[in-house]
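Residue-level listing of the chains:
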Amino acid sequence: MAQESVSTKMESAKKKTDPKMKKLRVAIIGCGGIAQTHLNAYKEIPEVEIVAGVDILQERLDVMQEKWGLPKEALFKDWKEMLKVVKPDAVDVCTPNHVHCAPVVDACNAGCHAMVEKPMAMNPKECEKMIAAAEKAGVKLSVGFQQRYRHNTAALIEARDNGQFGDIMFVKVHALRRRGIPNWGVFGQKALQGGGPMIDIGVHMIEAAYELMGCPKPIAASGNTWTYLGNTDSKTRCPWPGWDWKTYTVEDLAVGQIRFDTGAIMQIESSFAAHVPQELHNFEIIGTKGSCNWDTGEIFTDMHNTMVNIKPAFLGNSDWLYLFRTKLNNWVQGCLTGSELGANGYDGLNVQKILDGIYRSAAAGKEVTIK
Ligand SMILES: NC(=O)c1ccc[n+]([C@@H]2O[C@H](COP(=O)([O-])OP(=O)(O)OC[C@H]3O[C@@H](n4cnc5c(N)ncnc54)[C@H](O)[C@@H]3O)[C@@H](O)[C@H]2O)c1
């Protein structure tokens, strides 16, 4: 018996809205951890009806039936079969990174809009395939970046647009965990995820920083990666112990530098495991007229011949569910009304070029060109 069905929750929302409201029939592909957050967020988007769930694991499909109220005939182990039988309007892809490109391309070819979780794919070539499929089909493809929807990001973008920073010269990005190797999913396997902390958590800070920079063209990358802890049977006490160290092939620490066509430089440090004093997810931007701290929204500049630090008095709530509801709703409205997407395929591709450049440079042992 369903305890909390998306469609039941939606019923009450529907009553308060136009009964002729256009609905988007969404199928979830990959019903694991992050899909649960998506489903919670969809409860607050009345235009969405969840029509199918796809997962290779039966226990994940059971959750879709028992917790989210989907009937048995809406549950599939193969997305191709689901696309044929259910014919959804849209798919929301929440699978591991190596299963992002194929379901998105198949869904677009079937005329469906697509949302894909971050990172967009394993590499830029896959992103290009996904963009081409979406463009050919004339459907909306969005990438699940949520940090751009934080109130601090929005406030700083407005400051940038008002000339507060002048020319942006340098961006310093941190996505550092002291010991935070995921002990679920396949996050430790390079062949299935494309990399470790740089592609998994670095991507969040990179995309927000890149957006705030105004999306200049990345032209070169230099970086390195190190694996020294995740592949050992470590006994150190930590919040997520017991990861699969025997299959761990991703980096513990990655450091990179990106050069943009504007002359700006972005430096990135990202770790699942590093001997740093504390966890840090933030970035700073230094411009000719002012600088900022992303997390606090503070601006550092000169005013009335005085160096000042400007601290926001109010920014608003940017909690986890708010961010997911906002990013998913942006895509849903794009699908239903044609409105512009916050993060489209090209945003995903540019971020992927940055990630890929750092990994390529690490493998080559020298600076590499980004095209
Ligand atoms: N935006 C965010 O903040 C955020 C947070 C966590 C995860 N993610 C992203 O979401 C994706 C999934 O991460 P997760 O933590 O939910 O992982 P997870 O392992 O909990 O869930 C992935 C699910 O996909 C299923 N799956 C694997 N191969 C499949 C296939 N061929 N067909 C159908 N289903 C398949 C797995 O069985 C599993 O249930 C990753 O790309 C990750 O980077 C994003």
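Just so we're clear, the structure is a prediction, and the values are computed from it rather than from any experiment. (Residues numbered from 1 in each chain as written. Predicted model: local features only at pLDDT ≥ 70, side-chain atom pairs only at ≥ 80, totals over all residues.)

### Structural notes on the overall build of the chain
Stage number 1. Of regular secondary structure, the chain possesses 11 helices and 15 strands.
Stage number 2. The globule rule puts the C-alpha radius of gyration for 371 residues at 21 Å, and the 21 Å found for the chain is close to it.
Stage number 3. Oriented by its inertia axes, the alpha-carbon framework of the chain measures out at about 65 × 50 × 40 Å.
Stage number 4. For the chain, with 371 residues in total, the buried portion stands at 48%.
Stage number 5. The contacts of the chain with a sequence gap of at least 6 include a subset with a gap of at least 24, amounting to 77%. (Helix = DSSP H or I, 4+ residues; strand = E, 2+ residues; numbered from the N terminus. Rg over C-alpha atoms; globule rule 2.2 N^0.38 Å. Buried ≥ 20, exposed ≤ 12 C-beta atoms within 10 Å, placed from the backbone. Contact = placed C-beta atoms within 7 Å.)

### Observations regarding the nonpolar core
A general feature of soluble globular proteins is that nonpolar side chains tend to end up buried together.
Stage number 1. Within the largest apolar cluster, 54 residues are counted, with the highest numbers of intra-cluster contacts made by Ala-27, Ile-28, Ile-50, Val-104, Cys-108, Ala-114 and Met-130.
Stage number 2. Residues Ile-181, Leu-212, Ala-264 and Leu-355 belong to the second largest nonpolar core, which totals 45 residues. (Core = buried A, V, L, I, M, F, W, Y, C linked by C-beta atoms within 7 Å.)

### Things to note about the site of the ligand
Stage number 1. If you check the shell around the ligand, you find 24 residues, and the closest are Gly-30, Gly-32, Gly-33, Glu-117 and Gly-185.
Stage number 2. The element best represented in the shell around the ligand is helix 2 (residues 33-42), accounting for 3 residues.
Stage number 3. Across the shell around the ligand, the residue classes tally to 11 nonpolar, 8 polar and 5 charged.
Stage number 4. Here the shell around the ligand spans two domains, since at least three of its residues come from each of domain 1 (6-147 + 323-343) and domain 2 (148-314 + 351-369). (Near = placed C-beta within 6 Å. Nonpolar A, V, L, I, M, F, W, Y, C, P; charged D, E, K, R; others polar. Domains from an automatic or database assignment.)

### Here we look at helix 5 (residues 101-109)
Stage number 1. Buried residues of helix 5: Cys-101, Pro-103, Val-104, Ala-107 and Cys-108, and no others.
Stage number 2. Once helix 5 ends, the next one or two residues include Gly-111, with phi positive near 85 degrees.

### Digging into the sheet that holds strand 9 (residues 253-260)
Strand pairs in the sheet, formed through backbone hydrogen bonds, run parallel or antiparallel to each other.
Stage number 1. One open sheet accounts for 9 strands, arranged 14-13-12-11-7-10-9-8-15; its pairing is mixed. Bordering the open sheet on either side are strand 14 (306-310) and strand 15 (368-369), each of which pairs with just one other strand.
Stage number 2. Looking at chain direction, strand 9 and strand 10 (residues 265-271) are connected through 7 bridges and run antiparallel. Among the inter-strand pairings, Val-255 is bridged to a residue of strand 10, identified as Glu-269.
Stage number 3. Sitting on the sheet, helix 9 (residues 197-213) is in contact with strand 7 (168-176), strand 9, strand 10 and strand 11 (280-287), with an inclination near 150 degrees to strand 7.
Stage number 4. The strands touched by helix 11 (residues 345-364) within the sheet are strand 8 (218-226), strand 9 and strand 15, with strand 8 carrying the most contacts at an inclination of about 55 degrees. (Pairing = 2+ DSSP bridges. Axes fitted to C-alpha atoms, helices over the stretch in contact; angles between N-to-C directions.)

### Looking at unusual backbone geometry
Stage number 1. Residue Lys-118 is joined to Pro-119 through a cis peptide bond whose omega torsion reads -15 degrees.
Stage number 2. Its location among the elements puts Pro-119 in the loop between strand 5 (113-117) and helix 6 (124-137).
Stage number 3. With phi around 50 degrees, His-304 is a residue other than glycine that occupies positive phi space.
Stage number 4. Positive phi, close to 60 degrees, is recorded for Asn-305, a residue that is not glycine.
Stage number 5. On the secondary structure map, Asn-305 appears in the loop between strand 13 (298-303) and strand 14.

### Looking at the pairing of strand 13
Stage number 1. Pairing between strand 12 (residues 290-293) and strand 13: 4 bridges, direction antiparallel. Its bridge partner being in strand 13, Asn-293 is matched across the sheet by Glu-298.
Stage number 2. The loop that links strand 12 with its antiparallel partner strand 13 comprises 4 residues; one of these, Gly-297, has a positive phi angle of about 75 degrees.
Stage number 3. In this sheet, strand 14 lies alongside strand 13 in antiparallel orientation, the contact comprising 5 bridges. Across the sheet, the residue bridging to Asp-302 is Met-307, located in strand 14.
Stage number 4. Following strand 13, the chain reverses through 2 residues before pairing antiparallel with strand 14; His-304 in that reversal takes a positive phi of roughly 50 degrees.

### So, the domain arrangement of the chain
Stage number 1. Looking at the chain, the domain boundaries give domain 1 (6-147 + 323-343) and domain 2 (148-314 + 351-369).
Stage number 2. For domain 1 versus domain 2, the distance between C-alpha centres works out to 27 Å.
Stage number 3. With 21 residues of domain 1 at the contact, the number on the domain 2 side is 19 residues.
Stage number 4. For the side of domain 1 that touches domain 2, the secondary-structure elements that each account for two or more residues are helix 6 and helix 10 (320-337).
Stage number 5. In terms of residue count, helix 10 provides more of the side of domain 1 that touches domain 2 than any other element does, 3 residues in total.
Stage number 6. Residues of the side of domain 1 that touches domain 2, tallied by class, amount to 10 nonpolar, 9 polar and 2 charged.

### A word on the sheet that holds strand 5
Stage number 1. Spatial ordering of the open sheet is given by 3-2-1-4-5-6, a layout of 6 strands whose pairing is parallel. With partners counted over all chains shown, the strands left at the sheet margins are strand 3 (75-76) and strand 6 (141-144), one partner each.
Stage number 2. Note that strand 1 (residues 24-29) and strand 2 (residues 48-54) share 6 bridges and pair parallel. Bridged to Leu-24 within strand 2 is Val-48.

### A short note on the confidence of the model for the chain
In low-pLDDT regions, the fine details of the predicted coordinates are not to be read closely.
Stage number 1. Of the residues in the chain, 95% have a pLDDT of 70 or more, and the chain-wide mean is 95.
Stage number 2. Contacts of residues 1-16 to residues separated by more than four positions or lying in other chains number 21 contacts, the stretch itself having pLDDT below 50. (pLDDT = per-residue confidence, 0-100.)

### Some details on the packing of helix 6 against helix 11
Stage number 1. Two elements in contact, helix 6 and helix 11, have axes whose closest approach is 9 Å; the angle formed by their N-to-C orientations is 170 degrees. Here helix 11 runs roughly antiparallel to helix 6, going by the angle between their axes. Judged by residue contacts, Pro-124, Cys-127, Glu-128, Met-130, Ile-131 and Ala-134 of helix 6 engage Gly-345, Tyr-346, Gly-348, Leu-349, Gln-352, Lys-353 and Asp-356 from helix 11.
Stage number 2. Across the contact of helix 6 with helix 11, the residue classes break down as 7 nonpolar, 3 polar and 3 charged. (Parallel < 35°, antiparallel > 145°, perpendicular 65-115°, else oblique.)

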